[in-house]
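Listed here are the chains, written in short residue letters.
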Amino acid sequence: MIMMRIRFTFLLFIVMTIASTAQAQKKISFEISFKEPQAHYAEVQMELSGFKGETLDLKMPVWSPGSYLIREYPKNLESVTATSGNGKQLAINKVNKNTWRVEAGNDDRILVNYRVYAFEISVRTSFIDESHAFLSPTGVFMYVDNRIDLPAEVTIHPHANWEHISTGLEKVKGKDNTFYASDFDILFDSPIEVGNQEIFEFTASGVKHEVAMVGAGSYDEKVLIKDMTRIIDEATKVFGVNPNKRYVFIIHHYASGGGGLEHLNSTVLGASRFTYQNYNGYLGFLGLVAHEYFHVWNVKRLRPAPLGPFNYDEENYTTNLWVSEGFTAYYDNLLLRRTGYYDENSYLKVLTNDIGTVENRAGNLIQPLSLSSFDAWIKQYRPDENSVNTTISYYNKGALIGMLMDLKTLQATKGTKRLDDILKAMYDEYYTKLDRGFTDAEFKTMAEKVAGVSMDDIYEYVNEAKPIDYNSYLINAGMELINQLDGYSIPNFGVSLANNRVTTVSRGSGAWDAGINVRDELVAINGYRLDESGRELERILSGAKVGDVLEVLVSRDGIMKTIGVKLPASTKADYIIRSIEKPTAEQLKIRKIWLSL
Ligand SMILES: [Zn+2]
C-alpha cells in the first residue's frame, strides 16, 4: 500500500512537471537608460514574455517599505506605451492610479515603455541629474499584478561618463551591467546608484561590504572601515549570525541633512558632506550606520506580521513600529556605547535626552505608542502644527520602552538575560524557524518567556498614554531619574517662532489658553517691539513670573490684535540619570552589564 502510494505520487509529480513546462515560461526584464539626465528623467523599458493572450494588469507600488507614507510614485510616470514583439501598438489603459491594463495579443513578447521623472532628494525617492542617478526601485519598476513571485533582470545603460553601478542585486554573469532579482520583493528592496561614486570594500563578520560614497565628503576611508567594522561586529553579536553574504552602503552627501532607509542587503544613508569633520557630527553618522545595520535583523527579517509579504497598493498597518523602529533606535545608541564611542556619561545623556523629548511633549499623554505606530501613515509621516500636542514618536518612546524591557529582564534574570536575548529568541523562532512575521501577542509571550516575568506593566505603557514610572526600572541598576527643575516655578508662554511668526502653540501653555494662533506674527510684548531675532520675547520672559499677564500685540492675517497672555507654571522637566546613594552589589552588577562598564 505504501509502495503504491509512493508510485502514484511520483507519477503525479511527472505529469505536473510536464504540464508546467508545457506552459510558456513567464519572463520579465527591464532596460534603464538616461537620455536626459539633466532634466531628471530615466527611460524604462519593461519586456514581458510568456503572457500571450492574457489581459495584464501592470502595477507600480505607491509606497516604499520602511517609510510608512503613501508616496504615489506613479505620479512621476509619463508616456506609458505598450508594443507587441512584432512592433504592433497595444492598447494600454489606466484602471486606477497605479494600474495599467494591457491586452497582450498573440505575440509572446510585450514591450512597455515609460519615462520616470526623478527630482526628489531623499533616501526613498529617485533622483537623477547630470552627475548621477539614484533609483529607488518602488518608483521605477512596474510589476504584474499578483505575480510578485516572478524573477526579473535589470540592465542599466549608464549615461556617458558614469562609470559605476552600486546595488545589493546579484550580477548576471556574462552580461554587462545586468542584475538579477529572484522576485519583485527583492527588486523593490534593492536601490541602485549609477554614477561616479567612490567605492571601497571591506569584510566584517564574514560578510563582504561595499560602500558607495556619492558626492563624497572629506572622509578617511581607513577610519570609516575600522569604525563601521566595529559596529557591524557588535550588531552581529546580538543575533549571533549575519544573514547576508554581501551588503552595500549607498551614502549620499548633501550640504546638510540625513536619514536612512533599510533594505535586505543594502541601505541608503544621507549625510552632511561635513559630517566627518567634527566628532559629534561623526557620532551621529555612526549612529545612523548602527541604526540601519541593526535593521538587517530587526524589521527586515524579524518583522511584525503586517510588514511582509507587503501590499504595495495601500497602507500596511502595524501596531509594532515601537519594536521595529524604537528598539532599533535603542540599539543604535547602545551599540555605540558597547563599541566605546560613548562613555558612560555621554550614553546616559543620550537616554535622558530621549526621556526629555518624550516627557516634554504634550502628545505623549494623548497618543498611545501602539497607535503612534498604527497611524504612522497619517500622523508620524504627515506632521503639522499641532503634532507636538497630539502625537508621540515611536522612535524615541519606543527606544525608552526598549530600555524598560532591558532593565526589567536584567533584574528578573539576575543579569543572565537582557533585551538582546528576547530579540535573538524572536529572530530564531519567527525568522529562522517559521519564516513569518510575529503578532503583538507573540512578541509579548516571548519577552515574558525569556525574562520569566509578566510584561503587563510595560505593555500598559505601550497601549495607554500614561506617564512612565522610569525609576521603578532604573532602580534595578541602582540609578534614578531626577528632574533638575523640581521646585522651580517657571512661566510657560508656550510658542515656537520662525521670523517672529508662531509655528507651534503648546497644549496647556499661556499662549494656548489665551488663543495665540499658529501663523500669528508677534509684533510687540508689553509695548516693546520684537526685533527680527525674536530675542525680545526671551528677554521679557526671563524677567517674568508665573501669574504675570503679558500684553501681546499680534498681526493675524494683517489685522492687529492685542491679547493678554497669563503665564501658568511650566510642567517641562530637565532630567539627569544618576546613581542612587548606596547601590547594592546586585544593582551594581546589573548596571555593569546594562552599560557595558
Ligand atoms: Zn529605522
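Calculation criteria
Residues numbered from 1 in each chain as written. Predicted model: local features only at pLDDT ≥ 70, side-chain atom pairs only at ≥ 80, totals over all residues. Heavy atoms only, no water. Helix = DSSP H or I, 4+ residues; strand = E, 2+ residues; numbered from the N terminus. Rg over C-alpha atoms; globule rule 2.2 N^0.38 Å. Buried < 20%, exposed > 50% of the residue type's maximum accessible area, 1.4 Å probe, protein only. Contact = heavy atoms within 4.5 Å. Patch = residues over 30% accessible without salt bridge, like charges linked within 9 Å, V, L, I, M, F, W, Y side chains within 5 Å. Areas by Shrake-Rupley, 256 points an atom, 1.4 Å probe, with all protein chains shown as cover. Salt bridge = Lys/Arg side-chain N within 4 Å of Asp/Glu carboxyl O. Lys, Arg positive; Asp, Glu negative; His and termini not counted. Polar contact = N/O pair within 3.5 Å; in protein donor to acceptor, adjacent residues only side chain to side chain. Donors = N, O, S within 2.8 Å, 3.2 Å for Na, K, Ca; no water. Axes fitted to C-alpha atoms, helices over the stretch in contact; angles between N-to-C directions. Parallel < 35°, antiparallel > 145°, perpendicular 65-115°, else oblique. Left-handed = near helix turned anticlockwise from the far one by under 90°. Nonpolar A, V, L, I, M, F, W, Y, C, P; charged D, E, K, R; others polar. Pairing = 2+ DSSP bridges. Expected span 1.5 Å × (residues − 1). Bend = angle between axes of the 7 residues up to and from the residue. Phe/Tyr/Trp six-rings, centres within 6.5 Å; stacked < 30°, edge-to-face > 60°.

A.B. asks: Quick question: what am I supposed to make of the overall build of the protein here?
C.D. replies: For the protein, the count of helices and strands is 16 helices and 30 strands. Computed over C-alpha atoms, the radius of gyration of the protein comes to 28 Å, within 12% of the 25 Å expected from 2.2 N^0.38 for 597 residues, which places it in the range of a compact globule. Across its three principal axes, the protein shows a C-alpha extent of roughly 85 × 65 × 50 Å. Scored against the burial criterion, the 597 residues of the protein give a buried share of 52%. Considering only residue pairs separated by 6 or more positions, the protein has 68% of its internal contacts joining residues 24 or more positions apart.

A.B. asks: What am I meant to see in a nonpolar patch on the surface here?
C.D. replies: Together, Y317, L371 and F374 make up a nonpolar patch on the protein surface, roughly 250 Å² of accessible area in all. Relative to the helices and strands, L371 is located in helix α7 (residues 369-374).

A.B. asks: Explain the side chain of R303 to me, please; I cannot follow it from the model alone.
C.D. replies: Turning to its location among the elements, R303 is positioned in the loop between α4 (279-294) and α5 (321-338). Within the buried core, R303 has no salt-bridge partner, and the shortest N-O distance to an opposite charge, that of D435, equals 4.7 Å. Side-chain polar atoms of R303 contact the backbone oxygen of G308, separated by 2.3 Å.

A.B. asks: Sorry, what's going on with the coordination of the zinc ion here?
C.D. replies: Angles at a metal have ideal values that depend on geometry: 109.5 degrees with four tetrahedral donors, 90 or 180 degrees with six octahedral donors. Around the zinc ion, the protein supplies H291 (NE2), H295 (NE2) and E325 (OE) as donor atoms, at distances of 2.0 to 2.1 Å. Taken in sequence order, the residues that donate to the zinc ion follow the motif H-x3-H-x29-E. Residue classification places H295 among the buried residues on the basis of a relative accessible area of 0%.

A.B. asks: What's the story with the packing of α5 against helix α10 (residues 419-433) in this structure? I'm lost.
C.D. replies: For any two helices packed against each other, the geometry is given by the interaxial angle and the distance between the axes. Taken N-terminus to C-terminus, the directions of α5 and α10 make an angle of 125 degrees; their axes are 12 Å apart at the nearest point. As judged from the angle between their axes, α5 and α10 are oblique. Considering the relative orientation of α5 and α10, their crossing is left-handed. Together, F327, Y330, Y331 and R338 of α5 and L419, D420 and L423 of α10 make up the contact between the two elements. Within the contact of α5 with α10, the residues separate by chemical class into five nonpolar, no polar and two charged.

A.B. asks: Explain the environment of A24 to me, please; I cannot follow it from the model alone.
C.D. replies: Relative to the helices and strands, A24 is located in the loop between α1 (2-22) and β1 (27-33). The class of A24 is partly exposed, set by a relative accessible area of 44%. When the C-alpha positions of A24 and G50 are compared, they lie 5.1 Å apart, and in sequence the two are 26 residues distant.

A.B. asks: Would you take a moment to explain the pairing of strand β19 (residues 207-214) for this structure?
C.D. replies: The two faces of the sheet receive side chains in turn, since in a regular strand these alternate between them. Counting buried positions over the eight residues of β19 gives seven, a clear majority of the element. Taking the residues that link successive antiparallel strands as the turn, the strand β18 (residues 198-204)-β19 hairpin has two residues, and the phi of S205 there is positive, at about 50 degrees. Taken together, the seven bridges between β19 and strand β20 (residues 246-254) define a ladder with parallel strand orientation. Bridging from a neighbouring strand, V214 pairs with H252 of β20.

A.B. asks: What's the story with the sheet that holds strand β14 (residues 164-167) in this structure? I'm lost.
C.D. replies: Through backbone hydrogen bonds, the strands of a sheet pair up, either in parallel or in antiparallel fashion. Read from one edge to the other, the open sheet built from five strands follows the order β9-β10-β11-β17-β14, with strand pairing classed as antiparallel. For this open sheet the edge positions go to β9 (119-122) and β14, each flanked by a neighbour on one side alone. On average, each strand axis in the sheet is inclined to that of its neighbour by 25 degrees, with strand direction left out of account.

A.B. asks: Explain the sheet that holds strand β2 (residues 41-49) here, please?
C.D. replies: Read from one edge to the other, the open sheet built from eight strands follows the order β5-β4-β8-β2-β1-β13-β16-β15, with strand pairing classed as mixed. Of all the strands in the sheet, the pair left with one neighbour each is β5 (89-90) and β15 (170-171). Where strand β13 (residues 152-157) lies against strand β16 (residues 178-181), four bridges are found, and the strand directions are antiparallel. Bridged to E153 within β16 is Y180.

A.B. asks: Please explain α10 as it appears in this structure.
C.D. replies: For an α-helix, 3.6 residues make a turn, and residues three or four places apart therefore share a direction. Here α10 is 15 residues long and its end C-alpha atoms lie 20 Å apart, about the 21 Å a rise of 1.5 Å per residue gives. Of all the bends in α10, the greatest measures close to 25 degrees and is centred on Y427. Burial in α10 covers these residues: L419, D420, I422, L423, M426, Y427 and Y430. Looking at the buried residues of α10, the elements they touch are α3 (221-239), α4, α5, α9 (396-412) and α11 (440-451). Note on α10: the residue one or two positions beyond its end, D435, has a positive phi of about 50 degrees.

A.B. asks: I tried to follow the pairing of strand β28 (residues 549-556) on my own but got confused; where do I start?
C.D. replies: When strand β26 (residues 521-525) meets β28, the two strands line up antiparallel, connected through four bridges. What sits directly across from I525, in β28, is V552. As paired strands, β28 and strand β29 (residues 559-566) are joined by eight bridges and run antiparallel to one another. Bridge pairing in β29 places S555 opposite M560.

A.B. asks: Is there a simple way to explain the packing of aromatic side chains in this structure?
C.D. replies: In this description, a pair of aromatic rings is defined by centroid distance and the angle of the planes. All told, the structure shown has 40 aromatic pairs when counted by the stated rule. Consider the rings of Y41 and Y117, whose centres lie 5.5 Å apart with planes at 55 degrees: the pair is tilted. Here Y41, found in strand β2, pairs with Y117, found in strand β8 (residues 109-117); they are 76 residues apart in sequence, far enough to count as distant. Residue Y41 is classed as buried on the basis of its relative accessible area of 14%.

A.B. asks: How do you make sense of the pattern of salt bridges when you look at a structure like this?
C.D. replies: One pass over the full model with this rule turns up 30 salt bridges. Residues D313 and K59 are paired through a salt bridge, measuring 2.9 Å at the closest nitrogen-oxygen approach. Here the residue D313 occupies a position in the loop between α4 and α5, and K59 occupies one in strand β3 (residues 55-59), the gap between them amounting to 254 residues. Taking the relative accessible area as the measure of exposure, K59 reaches 5% and is therefore buried. Sharing partners across several salt bridges, the network here consists of E36, E43, E78 and R115.

A.B. asks: It is not clear to me how the environment of V388 should be interpreted in this structure. Could you clarify?
C.D. replies: Looking at where V388 falls in the secondary structure, it is placed in helix α8 (residues 387-390). When residues no more than four places from it in sequence are discounted, the contact partners of V388 are R361, A362, G363 and T504.

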